[in-house]
Amino acid sequence: MSTLSLAVRDSSTMLRRNLLHARRYPSLTLNLLLTPIMLLLLFVYIFGDTLGAGLGGGRAEYIAYLVPGLLLMTIGSTVIGTAVSVSTDMTEGIIARFRTMAIHRGSVLVGHVIGSVLQSVASVVLVGAVGVAIGFRSTDATVLDWLAAFGLLVLFALALTWIAVGMGLISPSAEAASNNAMPLILLPLLSSAFVPVDKMPGWFQPIAEYQPFTPAIETLRGLLLGTEIGHNGWLAVAWCVGLAILGYFWATAKFNNDPK
Amino acid sequence: MTNLAIAAEGLRKSYGEKVVLDGVDIAVPEGTVFALLGPNGAGKTTAVKILSTLLSAGPASGGIRVGGHDLAADPQAVRAAIGVTGQFSAVDGLITGEENMRLMADLHHLSHGEGQRIIAELLERFDLVEAAAKPASTYSGGMKRRLDIAMTLVGSPRIIFLDEPTTGLDPRSRHNMWQIIRELVAGGVTVFLTTQYLEEADELADRIAVLNDGKIVAEGTAAELKRLIPGGHVRLRFTDPAGYQSAAAALPDAARDDESLSLQILSDGSQRELRAVLDLLDSAGVEADELTVHTPDLDDVFFALTAKIEETVR
Ligand SMILES: Nc1ncnc2c1ncn2[C@@H]1O[C@H](COP(=O)(O)OP(=O)(O)OP(=O)(O)O)[C@@H](O)[C@H]1O
Ligand SMILES: [Mg+2]
């Protein structure tokens with residue numbers, strides 16, 4: 001069997017294993033959905049009027065502003081689950097067994113990554129459905145815009161997943177993994193997800209500006225709502241590709257080390 | 001000369017300052033059973049992990065070949081030849097026993113039908129049919145162990161590593177496991193096992209190596225190892241002090257234990273030597289209340305070898 005077909009076959013076996021885990025124990029994934037959905041409802045129904053007024057509109061305008069950021073935050077939240085499940089998986093004896101088998105080495109991680117991206121997409125669809133239910137509508141987005149938005153979400157999920165897999169691999173326990181992966185859900189709070197960067201205090205603006213969530217959120221907003229994307233599109237793609245490559249090399253290097 | 005399934009020269013491994021394996025040579029001919037015996041912490045698991053590609057050998061190690069492949073140069077070829085059941089459970093607890101088996105069949109790239117056939121056969125053989133649809137995390141320790149070994153056999157490996165395969169099994173399961181190991185060997189499989197049970201090594205192994213403190217302190221067949229220990233003895237016990245005294249007089253070479261009224265006579269346990277003792281007792285007109293023949297077993301060998309080392313260390 002060629003290396004590529006071996007890689008594809010073993011990775012899909014590993015993916016099936018991870019999806020089986022997710023299906024048997026859905027509570028972890030569902031719990032992680034609570035944070036973005038709660039924040040969505042909280043910000044829309046409690047702060048929505050005020051924040052909407054700050055944007056020169058009302059609650060309806062704020063829903064439109066908020067949803068793209070929360071969709072990306074949903075990804076950050078989902079991949080925390082990935083970090084946790086990778087770190088618990090590594091303590092399972094079955095991983096040692098995999099290491100002694102003539103399978104494609106990377107397939108264990110690739111299975112986790114693809115599983116996590118699929119889970120992220122499903123979570124985004126769920127949170128998006130809540131958004132639509134409370135009144136979110138995309139304005140004049142073409143099919144191409146939708147495709148691009150979908151592509152951005154997948155790419156973003158891929159990038160964060162590889163980072164989360166690396167975090168899972170360096171964490172000795174599930175608790176450590178969820179602590180290490182915490183930035184992935186904190187970063188969107190420090191981004192343009194809830195308020196525009198130019199409405200933040202001057203000293204804070206660079207923090208919001210120079211991080212992956214803000215350009216990704218601005219790009220998604222542009223695609224779904226027709227706002228100005230500008231340089232954010234390229235920035236978002238660059239962040240995603242950079243993080244994905246970094247995470248990939250970091251995670252595979254960690255995985256190939258002697259097990260502890 | 002037969003081919004070696006496993007050949008390692010000067011196997012070394014250290015963790016920081018701590019030397020775990022200090023130049024261990026291993027040669028296991030194809031189709032034989034090799035047992036590595038040693039007290040806790042001797043380095044047995046470390047040796048298995050290195051030979052099964054899980055850990056890298058220490059830098060000063062000599063060459064290692066498993067299944068005819070160089071372990072350092074072509075670990076993937078080694079992996080294709082071996083099956084490993086580690087000391088600690090290597091099953092996926094979140095999925096069922098059958099799904100674990102399916103996972104192995106898929107990773108060995110078996111066709112669906114062939115996988116099904118092998119899985120059904122192994123579940124049957126390891127008495128797991130009833131539990132097959134339950135999550136492996138709900139299995140008892142013995143069931144997990146059996147699933148573990150069944151998973152190892154899915155790919156029909158030619159060389160099998162078993163790190164303490166029967167620890168935690170009840171006597172019946174242990175005997176079943178021995179039977180399975182014998183069947184594997186009859187089919188030409190090479191088995192490398194570690195065990196704490198000397199009886200197990202005695203039952204199964206063609207060659208036994210005693211590992212202590214990272215070094216092999218003795219190696220040979222069970223019979224050869226037993227010969228390292230000076231002979232066995234016959235023990236006579238009496239309840240009547242008068243009988244004890246006259247027996248002691250008739251057997252002047254015997255070691256006396258006046259407290260328990262027993263005599264110990266060096267003997268290889270053969271019929272001839274036993275008869276000589278009995279004849280002496282008969283002519284003295286005494287009858288022992290209890291007669292036991294003690295031939296040296298591997299426990300004696302083990303204790304003698306590992307204790308000797310401890311003494312020289314002190
Ligand atoms: N990752 C590690 N880091 C440091 N020391 C280790 C590590 N793994 C094993 N050791 C040490 O190496 C020695 C040998 O361990 P090993 O597990 O090979 O022993 P063993 O013969 O299998 O013992 P047991 O019968 O208890 O299973 C022990 O002293 C152990 O503490
Ligand atoms: Mg051990």
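Residues numbered from 1 in each chain as written. Chains lettered and ligands numbered in written order. Predicted model: local features only at pLDDT ≥ 70, side-chain atom pairs only at ≥ 80, totals over all residues. Heavy atoms only, no water.

## With respect to the interface of chain B and chain A
At the junction of the two partners, chain B supplies 31 residues and chain A supplies 26 residues. When chain B packs against chain A, close to 2400 Å² is buried across both sides, 56% of that on carbon and sulfur atoms. Counting the surface chain B buries against chain A, the share from its top three residues, Leu54, Leu107 and His109 of chain B, is 28%. A salt bridge links Asp92 of chain B to Arg17 of chain A; the shortest N-O distance between them is 2.7 Å. Between chain B and chain A we count 10 residue pairs in polar contact (both at pLDDT 80 or more) in total. Counting only elements with at least two residues in the side of chain B that touches chain A, the list comes to helix H2 (75–81), strand S6 (82–85), helix H3 (97–107) and helix H5 (141–153) of chain B. The greatest single-element share of the side of chain B that touches chain A, amounting to 6 residues, is contributed by H3 of chain B. (Contact = heavy atoms within 4.5 Å. Buried area = accessible area lost by both parts, 1.4 Å probe. Salt bridge = Lys/Arg side-chain N within 4 Å of Asp/Glu carboxyl O. Polar contact = N/O pair within 3.5 Å; in protein donor to acceptor, adjacent residues only side chain to side chain. Helix = DSSP H or I, 4+ residues; strand = E, 2+ residues; numbered from the N terminus.)

## Regarding the coordination of the magnesium ion (ligand 2)
Ligation of the magnesium ion (ligand 2) by protein atoms is provided by Thr45 of chain B (OG1) and Gln87 of chain B (OE1), these donors lying 1.8 to 2.0 Å from the ion. Linking Thr45 of chain B in helix H1 (residues 44–51) with Gln87 of chain B in the loop between S6 and H3, this pair joins segments that are 42 residues apart in sequence. (Donors = N, O, S within 2.8 Å, 3.2 Å for Na, K, Ca; no water.)

## Overview of the packing of H3 of chain B against H5 of chain B
Residue and element names in this part refer to chain B. At a minimum axis separation of 9 Å, H3 and H5 run at an interaxial angle of 20°. With respect to H5, the element H3 is oriented roughly parallel. Crossing angle aside, the handedness with which H3 passes H5 is right-handed. In this structure, H3 contributes Gly97, Asn100, Met101 and Met104 to the contact, and H5 contributes Leu147, Ala150 and Met151. Here the contact of H3 with H5 is built from residues that sort into 5 nonpolar, 2 polar and no charged. (Axes fitted to C-alpha atoms, helices over the stretch in contact; angles between N-to-C directions. Parallel < 35°, antiparallel > 145°, perpendicular 65-115°, else oblique. Left-handed = near helix turned anticlockwise from the far one by under 90°. Nonpolar A, V, L, I, M, F, W, Y, C, P; charged D, E, K, R; others polar.)

## Examining the layout of surface pockets
Roughly 470 Å³ of volume is contained in the second largest pocket. Along the walls of the second largest pocket sit 22 residues, with His21, Ala22, Leu28 and Ser85 of chain A together with Leu94 of chain B positioned nearest its centre. Contributions of two or more residues to the lining of the second largest pocket are made by helix H1 (3–24), helix H2 (27–45), helix H4 (59–91) and helix H6 (107–133) of chain A. Tallied by class, the residues present in the lining of the second largest pocket amount to 6 nonpolar, 12 polar and 4 charged. (1 Å grid on protein atoms, 1.4 Å probe; cavity = no way out; pocket = protein on both sides within 12 Å on 5 of 7 lines; lining within 4 Å. Points joined across faces, edges and corners; volume = space filled by probe spheres on them.)

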